[in-house]
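Results of the structural survey
One letter stands for each residue in the lines below.
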Amino acid sequence: MSAAGPVRSRIAGTGSYLPAKVLTNRDLESMVDTTDEWIVSRTGIRERRIAADGEFTSDLALAASRQALAAAGLRPGDIDLIVLATSTPDMVFPSSACLLQKKLGIRHGAAFDVQAVCTGFIYALATADQYIRSGMFRRALVVGAEVFSRILDWKDRGTCVLFGDGAGAVVLEAAGEAGVLSAHLHADGAYADILSTPGHVCGGKVLGDPTLKMDGGAVFKLAVRVLEECAHETLSANGLAVPDVDWFVAHQANVRIISHTARKLGIPPEKCVVTVDRHANTSAASIPLALDVAARDGRIRPGHLVLLEGVGGGFTWGSVLVRW
Ligand code: UT7
């Protein structure tokens, strides 16, 4: 780190985890009125993973975190901040971040959850970046982990075919040069109703419907619009242009959302990282899952400009721009 340079953060390692149980589109054909052809043509999804009974968000997060720590050449004790993005925590409290901290055997620093649904990882990464820039923490574990299979209505073909379980993680550490160039976060609660899981716990009972509800068409249109706007906002704030982007790693909800957005931006398909076919929409886990795949298979290399973008319930959306 240069003595005079500002403290920034860089991604030192990535990791991911998918539960063992595979649920294919063909499997879903026997559960709801759907076809493999419909799911693949409308979403690009071929299969999703389902967490085992007794396997919780913090367990998925643990497996992804261990990989990210190994990739960074660090031990759990080197971490002084855990920010975990999830909408499907293990329990009401403690936070899944604290449960992960316990499983990692860390007993110092801070740990908390961030709830921004499918934008959760972007919010978590932006949050950890700010703490590192301020000098308050040196090394953060930033995780997205979800068990969305547990909040789905398995009789609703309009939603149950779209989601899956998984986790992704990165180690973020203080560095002299970027690293993370910028973060842009947005929310507009006026759109709360188009994607929600409205049930809640009260008086020892779940009140309201605890399964995911979505107006798919409205979500699709809004997602494409805000992802395009946010990409322009991000690049112009950094004095960069679309051709400077080496990799576009967007929230993995639907391959058509990614390809429509990329086409509108002028990003060629070969610069888009797509993993949604293998795990469906894993909400806050999807971006670090895709990032880990592209980092491990050697596509993302030092010096590359990586545009991460998320969008999801809230409504929330945002970007993190990274010089690898
Ligand atoms: O993190 C954000 C999370 N949400 C999303 O990413 C979802 C964004 N939205 C989407 O991805 C798309 O809107 C969907 C994939 C949900 C739907 O695709 P679409 O091309 O917008 O289809 P549609 O909603 O216009 O539905 C077309 C038809 C309907 O039948 P009718 O009314 O035309 O007879 C649906 O009932 O497809 C029917 N349909 C299905 N058919 C077979 C809906 N779900 C299914 C299904 N299998 N699973």
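Look above for the structure.
Scoring rules and cut-offs
Residues numbered from 1 in each chain as written. Predicted model: local features only at pLDDT ≥ 70, side-chain atom pairs only at ≥ 80, totals over all residues. Heavy atoms only, no water. Pairing = 2+ DSSP bridges. Helix = DSSP H or I, 4+ residues; strand = E, 2+ residues; numbered from the N terminus. Axes fitted to C-alpha atoms, helices over the stretch in contact; angles between N-to-C directions. Contact = heavy atoms within 4.5 Å. Parallel < 35°, antiparallel > 145°, perpendicular 65-115°, else oblique. Left-handed = near helix turned anticlockwise from the far one by under 90°. Nonpolar A, V, L, I, M, F, W, Y, C, P; charged D, E, K, R; others polar. Buried < 20%, exposed > 50% of the residue type's maximum accessible area, 1.4 Å probe, protein only. Near = heavy atom within 4 Å. Polar contact = N/O pair within 3.5 Å; in protein donor to acceptor, adjacent residues only side chain to side chain. Areas by Shrake-Rupley, 256 points an atom, 1.4 Å probe, with all protein chains shown as cover. Core = buried A, V, L, I, M, F, W, Y, C linked by side-chain atoms within 4.5 Å. Phe/Tyr/Trp six-rings, centres within 6.5 Å; stacked < 30°, edge-to-face > 60°. Lys NZ or Arg CZ within 6 Å of the ring centre and 35° of its normal.

Describing the sheet that holds strand 8 (residues 180-187)
Within a beta sheet, neighbouring strands are joined by backbone hydrogen bonds and run either parallel or antiparallel to one another. A sheet is described by the order of its strands in space; here four strands give the open sequence 8-15-14-13, paired in mixed fashion. Where the open sheet ends on each side, the last strands, each with one partner, are strand 8 and strand 13 (247-250). Ignoring strand direction, the axes of neighbouring strands in this sheet form an average angle of 10 degrees. Two strands pair when backbone bridges link them, and strand 13 and strand 14 (residues 305-312) are joined in this way by four bridges, in the parallel orientation. Residue pairing for strand 14: V249 is matched across the bridge by L308. Relative to strand 8, helix 5 (residues 120-134) is tilted by about 130 degrees, and along the sheet it contacts strand 8, strand 14 and strand 15 (316-323). The sheet strands contacting helix 7 (residues 216-237) are strand 8, strand 14 and strand 15, and the helix crosses strand 14 at an angle near 145 degrees.

Here we look at the packing of helix 3 (residues 57-72) against helix 4 (residues 96-104)
The description of two packed helices rests on the angle between their axes and on the distance between the axes. Orientation of helix 3 relative to helix 4, taken along the N-to-C sense of each, is 55 degrees, at an axis distance of 9 Å. Comparing the axis directions of helix 3 and helix 4 gives the class oblique. At the point where helix 3 passes helix 4, the crossing takes the right-handed sense. In contact with T57, S58, D59, A61, L62, S65, R66 and L69 of helix 3, helix 4 contributes S96, L99, L100, K103 and L104. Of the residues contributing to the contact of helix 3 with helix 4, the split by class is six nonpolar, four polar and three charged.

Focus on the environment of A295
Checked against the element boundaries, A295 lands in helix 10 (residues 286-296). Once the C-alpha coordinates of A295 and I45 are considered, the two residues, 250 residues apart in sequence, prove to be 22 Å apart. The contact partners of A295, leaving out residues within four places of it in the chain, are T14, I300 and W324.

A closer look at the environment of V249
In this structure, V249 sits in strand 13. Residue classification places V249 among the buried residues on the basis of a relative accessible area of 0%. V249 sits 151 residues away from C98 along the chain, and the two C-alpha atoms are 28 Å apart. Aside from chain neighbours lying at most four places away, what touches V249 is V273, I287, A290, L291, V306, L307, L308 and E309.

Side note on the site of the ligand
Around the ligand, a shell composed of 22 residues is seen, among which T34, R42, R157, H251 and N254 lie nearest. A distance of 2.9 Å separates an oxygen atom of the ligand from a polar atom in the side chain of H251. At a separation of 3.5 Å, an oxygen atom of the ligand approaches a polar side-chain atom of R256. Protein contacts shield 68% of the accessible area of the ligand, which totals 940 Å² for the unbound molecule. The set of elements that each furnish at least two residues to the shell around the ligand consists of helix 2 (36-43), helix 6 (157-160), helix 7 and helix 8 (255-265). If one sorts the elements of the shell around the ligand by residue count, helix 7 sits on top with four residues.

A few points about the nonpolar core
With 33 residues, the main nonpolar core has L125, V142, L172, V249, L291, V306 and L308 as its most contacted residues. When residues of this core are traced back to their parent elements, those giving at least two are strand 4 (81-85), helix 5, strand 6 (139-147), strand 7 (165-175), strand 13, helix 10, strand 14 and strand 15. With seven residues, helix 5 is the single largest residue contributor to this core. I45, I151, L162 and F315 belong to the second-largest nonpolar core, a separate cluster that totals 32 residues.

Here's the deal with unusual backbone geometry
Residue P94 follows F93 across a cis peptide bond; omega there is 5 degrees. Inspection of the secondary structure assignment puts P94 in the loop between strand 4 and helix 4. If you check the backbone angles, A280 has positive phi at about 60 degrees while not being a glycine. On the secondary structure map, A280 appears in the loop between helix 9 (276-279) and helix 10. Take A280: its relative accessible area is 0%, and that puts it in the buried class. One non-glycine residue, S283, lies in the positive phi region at around 50 degrees. Here S283 is to be found in the loop between helix 9 and helix 10.

Focus: the packing of aromatic side chains
Each aromatic ring pair is characterised by the separation of its centres together with the angle its planes make. A complete count under the given rule lists three aromatic pairs for this structure. Ring centres of F112 and Y131 lie 6.2 Å apart, and the angle between their planes is 70 degrees; on these two criteria the pair is classed as edge-to-face. Of this pair, F112 sits in strand 5 (residues 110-114) while Y131 sits in helix 5; the two residues are 19 residues apart in sequence, bridging distant segments of the chain. F112 sits in the partly exposed class, given a relative accessible area of 24%. Judged by relative accessible area, Y131 falls into the partly exposed class, the value being 28%. Directly above the aromatic system of W247 lies the positively charged group of R299, at a separation of 6.0 Å from the ring centroid.

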